[in-house]
Amino acid sequence: MNDAVLDSEHEKLIRESIERQTMLATLGVEVAEIAAGRVVLELPFRTDICQQNGFVHAGAITTVADSACGYAAQTLMQPGSDVLSVEFKVNLLRPGVGERFRAEAAVVRSGRNITVCSADVLALAPDRSTKQIALMQATMMTVRADD
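As the structure is a prediction and not an experimental result, all values here were calculated from the model.

A.B. asks: Honestly, the sheet that holds strand β6 (residues 130-143) in this entry has me stumped. Any pointers?
C.D. replies: Sheets are built from strands that pair by backbone hydrogen bonding, the pairs being arranged parallel or antiparallel. The strand order across the open sheet built from 6 strands is β1-β2-β4-β5-β6-β3, with neighbouring strands paired in antiparallel fashion. A strand with exactly one partner marks an edge of an open sheet, and here the two such strands are β1 (30-35) and β3 (82-92). With strand direction ignored, the average angle separating the axes of adjacent strands in the sheet is 20 degrees. In the sheet, β3 pairs with β6 via 10 bridges, with the strands oriented antiparallel. Within β6, the residue paired with Val 90 across the bridge is Met 136. Along the sheet face, helix α1 (residues 8-19) touches β1 and β2 (38-44) and points at about 155 degrees away from the line of β1.

Below, the structure is given as structure tokens:
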């Protein structure tokens, strides 16, 4: 269990970083939650990010999960540090069908240089029901300002 508290200045820096992510802006990703060791991002359904069968493309789902993991890791890093993905594994459990897609990422273990995170990606239906459509495990690297 994580007892860390995210101060408002650190949260502000993370939100600013998310806003600079042109890929996330292109996809229309929104921040749903930021807390110490946890970030939730949401992707609204759009037909222009679907694959040939009308499901949201796995690349879009993976992008949102990867970003949520990276920012969850960054919440436990020193302010001013940055984060890079080193490795991730995604299990696609169901087709991307829903009105929104919610990537809920949490830190599993935070180290000085490497942080391991996991993310569940949920499809939200119009009736507010959810189905897990993907699971990610990711390894993130801390990038310090002086590196």
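A.B. asks: What is the right way to look at the side chain of Thr 115 in this model?
C.D. replies: Checked against the element boundaries, Thr 115 lands in strand β5 (residues 114-124). On the accessibility criterion, Thr 115 (0% relative accessible area) is buried. Beyond its immediate stretch of four places on either side in the chain, Thr 115 contacts Ala 73, Met 77, Val 107, Arg 109, Ser 110, Ala 138, Thr 139 and Met 140.

A.B. asks: Would you explain the environment of Leu 124 in this entry?
C.D. replies: Counting through the fold element by element, Leu 124 comes out in strand β5. For the pair Leu 124 and Arg 100, spaced 24 residues apart in sequence, the C-alpha separation works out to 5.2 Å. Excluding its chain neighbours within four sequence positions, the residues that come into contact with Leu 124 are Gly 98, Glu 99, Arg 100, Arg 102, Ser 129 and Thr 130.

A.B. asks: Explain α1 to me, please; I cannot follow it from the model alone.
C.D. replies: A turn of α-helix holds 3.6 residues, and therefore any two residues three or four places apart point the same way. Here α1 spans 16 Å end to end across 12 residues, near enough to the 16 Å set by a 1.5 Å rise per residue. Structurally, α1 contributes buried residues whose contacts are with α2 (22-27), β1, β2 and α3 (58-74). Regarding α1, its N-cap is Asp 7, as a side-chain oxygen of that residue lies 3.0 Å from the backbone nitrogen of Glu 9 further along.

A.B. asks: Please clarify how the layout of surface pockets should be interpreted in this entry.
C.D. replies: Summary: where empty space remains is shown by rolling a probe the size of a single water molecule over the atoms. By volume, the largest pocket is sized at about 210 Å³. Of all elements in the fold, only α3 and β3 reach the threshold of two or more residues within the lining of the largest pocket. Broken down by element, the lining of the largest pocket gets its largest block of residues, 6 residues, from α3. Looking at the lining of the largest pocket residue by residue, the class counts come to 5 nonpolar, 7 polar and 2 charged.

A.B. asks: How should I be thinking about the pattern of salt bridges in this particular structure?
C.D. replies: As a working rule, side chains carrying opposite charge can pair if their charged atoms are close by. Counted by the stated rule, this structure contains 8 salt bridges. The closest approach of N and O atoms between Lys 12 and Glu 16, which form a salt bridge, is 3.5 Å. With Lys 12 and Glu 16 both in helix α1 and 4 residues apart, this pair spans about one turn of that helix. A relative accessible area of 44% places Lys 12 in the partly exposed class. When its relative accessible area of 30% is taken as the criterion, Glu 16 is described as partly exposed. Note that Arg 102 is salt-bridged to Glu 104, the shortest N-O span being 2.8 Å. Since its relative accessible area comes to 21%, Glu 104 is described here as partly exposed.

What counts, and where the lines are drawn
Residues numbered from 1 in each chain as written. Predicted model: local features only at pLDDT ≥ 70, side-chain atom pairs only at ≥ 80, totals over all residues. Heavy atoms only, no water. Pairing = 2+ DSSP bridges. Helix = DSSP H or I, 4+ residues; strand = E, 2+ residues; numbered from the N terminus. Axes fitted to C-alpha atoms, helices over the stretch in contact; angles between N-to-C directions. Contact = heavy atoms within 4.5 Å. Buried < 20%, exposed > 50% of the residue type's maximum accessible area, 1.4 Å probe, protein only. Expected span 1.5 Å × (residues − 1). Polar contact = N/O pair within 3.5 Å; in protein donor to acceptor, adjacent residues only side chain to side chain. 1 Å grid on protein atoms, 1.4 Å probe; cavity = no way out; pocket = protein on both sides within 12 Å on 5 of 7 lines; lining within 4 Å. Points joined across faces, edges and corners; volume = space filled by probe spheres on them. Nonpolar A, V, L, I, M, F, W, Y, C, P; charged D, E, K, R; others polar. Salt bridge = Lys/Arg side-chain N within 4 Å of Asp/Glu carboxyl O.

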